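Remarks on the overall topology
Below are the chains, spelled out letter by letter.
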Amino acid sequence: HNLETNYSLLFIDMPGHGKTKIKNFSSYNDILSKLSLFIKLFDSSPIYYGYSMGGRIALQLALNYMTPKKLILESTGFGLENSKEQTERLKADEKLFVNIEQKDITKFLEDWYSMPMFNEFKNHISFKKKCENKHTHDILEWKDSQKYLSQGCFPLLDDNLKLLQQLPELSIIYIYGENDLKYKNNARKIALTNVQFIKIKGSGPNPHITHPTEINTVLTITLK
């Protein structure tokens, strides 16, 4: 890809989702603080690209720790609307991992990807390979990471919007799938002049997997 030719790319494991152990962090803010210090070792003015949870983390880094040159968010929520939604999300994530120690990771992935939002991804040629790769993950790490990284732990929508309004110079690119109603509706809530919305035609919530060529084209154009 021309991105690899023109840019230095840094891929970061989120705690509990790769080789980075959640036990090395004491809180949500500790994760963000250590992550910002790590990124600064490579670039003082980077471009952030985050998908889903990674996008939520990138947003908080941009708002509270280290303003990037550009912030690219794919299928990312800007925050839940009230404390009730936060509590419900925390409970839902806890329920997902109940008795996880007794579950086979294959069964866990089947349950996770049974959600309607993943229908397109499940039919994609890469789905089986992606699931096989996840078998190397420690499922207990996923569980423990939710106490800091569940969407219910992140700031509310209004709080994030207030901070964004104070950063009009921050250029944000918001990518979502045409068939992803959740993030299509989410985009409508973000009435900010510094946000450029890009819809990936024919895509659900995983455009970087199902439509990589389109994503590469978008990035090539918007990063010029």
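Refer to the structure presented above.
Residues numbered from 1 in each chain as written. Predicted model: local features only at pLDDT ≥ 70, side-chain atom pairs only at ≥ 80, totals over all residues. Heavy atoms only, no water.

Right, let's get into the environment of Ile-173. Along the chain, Ile-173 falls in strand S3 (residues 171-177). A relative accessible area of 1% places Ile-173 in the buried class. Here the alpha-carbon distance between Ile-173 and Tyr-48, two residues 125 residues apart in the chain, equals 10 Å. Ignoring anything within four residues of it in the chain, the contact list for Ile-173 reads Lys-70, Leu-71, Ile-72, Leu-73, Gln-196, Ile-198 and Thr-222. (Helix = DSSP H or I, 4+ residues; strand = E, 2+ residues; numbered from the N terminus. Buried < 20%, exposed > 50% of the residue type's maximum accessible area, 1.4 Å probe, protein only. Contact = heavy atoms within 4.5 Å.)

With that out of the way, let us pick up helix H10 (residues 181-188). Taken together, the buried positions of H10 are occupied by Tyr-183, Lys-184, Asn-186 and Ala-187. Projection of H10 onto a plane perpendicular to its axis shows the buried side chains occupying an angular sector of 160°, all on one side. Summarising the geometry of H10, the exposed residues directed more than 90 degrees from the buried face are Leu-181 and Arg-188. (Arc of directions from axis to C-beta.)

Counting residues in each nonpolar core, the largest one holds 36 residues, and the members touching the most others are Tyr-48, Ile-57, Leu-71, Phe-78, Leu-164 and Tyr-174. By residue number, the principal contributor to this core is helix H3 (residues 53-64), which donates seven residues. Not counting chain neighbours up to four residues away, the residues in contact with Tyr-174 comprise Leu-73, Thr-76, Phe-78, Tyr-183, Asn-186, Ala-187, Val-195, Gln-196, Phe-197 and Ile-198. (Core = buried A, V, L, I, M, F, W, Y, C linked by side-chain atoms within 4.5 Å.)

Position of Lys-70 relative to the elements: it lies in strand S2 (residues 70-74). This buried residue, Lys-70, is left without a salt bridge; Glu-169 holds the nearest opposite charge, at 13 Å. Within the local environment of Lys-70, its side chain forms a polar contact with the side chain of Ser-171, the two groups lying 3.4 Å apart. Other than its neighbours up to four places away in sequence, Lys-70 contacts Pro-46, Ile-47, Tyr-48, Ser-171, Ile-173, Thr-222 and Leu-223. (Lys, Arg positive; Asp, Glu negative; His and termini not counted. Salt bridge = Lys/Arg side-chain N within 4 Å of Asp/Glu carboxyl O. Polar contact = N/O pair within 3.5 Å; in protein donor to acceptor, adjacent residues only side chain to side chain.)

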